[in-house]
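Notes for the structure review
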Amino acid sequence: EQFKESYRTKDGEMYLPDIDPYYYTQGARNIVEHGHVGEYLNEDGIPMNALQTAPIDEPAERHFHMYFMAYFAKVVRWFNADARLMTIFAWAPVIVSSLGAIPMFFVAYRYGGAVSGFFAAILLVVNNVLIARTSAGVSDTDSYTMVFPLFVFWIFLTAFEAQSSKKHLIYSI
């Protein structure tokens, strides 16, 4: 227990295991608490990053991942108002990466049936490399590099195999 305590905050939350997650969670926390990615707005209304080491007081960078995690936190807090931001941010990549099972199932289902779809989805979510890069606490962008291409591929196949030109056009758009 003494060893485990050195990896927890004073509130009992586990520290995030990597450097990048802190950068993204800082921006997401600022969006939730201030409405923008910076710690403060300068005189021109530009969000500024005061916690960055060099150069000091640079304009804060905006990333999709920061906004996704901030709005994900708002949705979670709608169900549980006491949920801590660090815990929400830690579990976001797990939830996003598990969504990849949906397109994987339907792509394999199209060509091999329900059993094929089931096993393809299971093999995706238990993939050792995927689990290592999207486990709880590793709130980095790796889950998007897996999930978005799967959804795009699924929609591409659906558009390619559409029977009518109207459906082909809708799926292509």
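Whatever comes next refers back to the structure up there.
Residues numbered from 1 in each chain as written. Predicted model: local features only at pLDDT ≥ 70, side-chain atom pairs only at ≥ 80, totals over all residues. Heavy atoms only, no water.

Examining the nonpolar core
By size, the foremost hydrophobic cluster in this structure holds 15 residues, and its most contacted members are Met69 and Phe89. Of all the elements in the fold, those that place two or more residues in this core are α2 (20-34), α3 (64-79) and α4 (85-98). Counting seven residues, the second-largest nonpolar core is a separate cluster that includes Val96, Leu124, Met146 and Val147. (Core = buried A, V, L, I, M, F, W, Y, C linked by side-chain atoms within 4.5 Å. Buried < 20%, exposed > 50% of the residue type's maximum accessible area, 1.4 Å probe, protein only. Helix = DSSP H or I, 4+ residues; strand = E, 2+ residues; numbered from the N terminus.)

Details of the pattern of salt bridges
Tallying each qualifying case throughout the model produces one salt bridge. Arginine 110 is the salt-bridge partner of glutamate 161, the closest N and O atoms lying 3.0 Å from each other. You can see glutamate 161 sitting in the loop between α7 (142-160) and α8 (165-172) and its partner arginine 110 sitting in helix α5 (residues 101-125), a full 51 residues away along the chain. With a relative accessible area of 32%, glutamate 161 lands in the partly exposed category. (Salt bridge = Lys/Arg side-chain N within 4 Å of Asp/Glu carboxyl O.)

Re empty space enclosed by the protein
Per the stated rule, a full pass over the model turns up one cavity of 30 Å³ or more. Estimated volume of the largest cavity: approximately 50 Å³. Lining the largest cavity, in full, are Tyr23, Gln26, Gly27, Val37, Asn49, Ala60, Glu61 and Met66. Among the elements that take part in the lining of the largest cavity, α2 stands out by supplying three residues, more than any other. For the lining of the largest cavity, the per-class residue count stands at four nonpolar, three polar and one charged. (1 Å grid on protein atoms, 1.4 Å probe; cavity = no way out; pocket = protein on both sides within 12 Å on 5 of 7 lines; lining within 4 Å. Points joined across faces, edges and corners; volume = space filled by probe spheres on them. Nonpolar A, V, L, I, M, F, W, Y, C, P; charged D, E, K, R; others polar.)

Things to note about the packing of α7 against α8
Packing of α7 against α8 leaves a shortest axis separation of 8 Å and a crossing angle of 160°. One element, α7, and the other, α8, form an angle in the roughly antiparallel class. α7 and α8 meet at a crossing whose hand is left-handed. Taken together, the residues of α8 that come into contact with α7 (itself represented by Ile155, Thr158, Ala159 and Phe160) are His168, Tyr171 and Ser172. When the residues that make up the contact of α7 with α8 are grouped by side-chain class, the tally is four nonpolar, three polar and no charged. (Axes fitted to C-alpha atoms, helices over the stretch in contact; angles between N-to-C directions. Parallel < 35°, antiparallel > 145°, perpendicular 65-115°, else oblique. Left-handed = near helix turned anticlockwise from the far one by under 90°. Contact = heavy atoms within 4.5 Å.)

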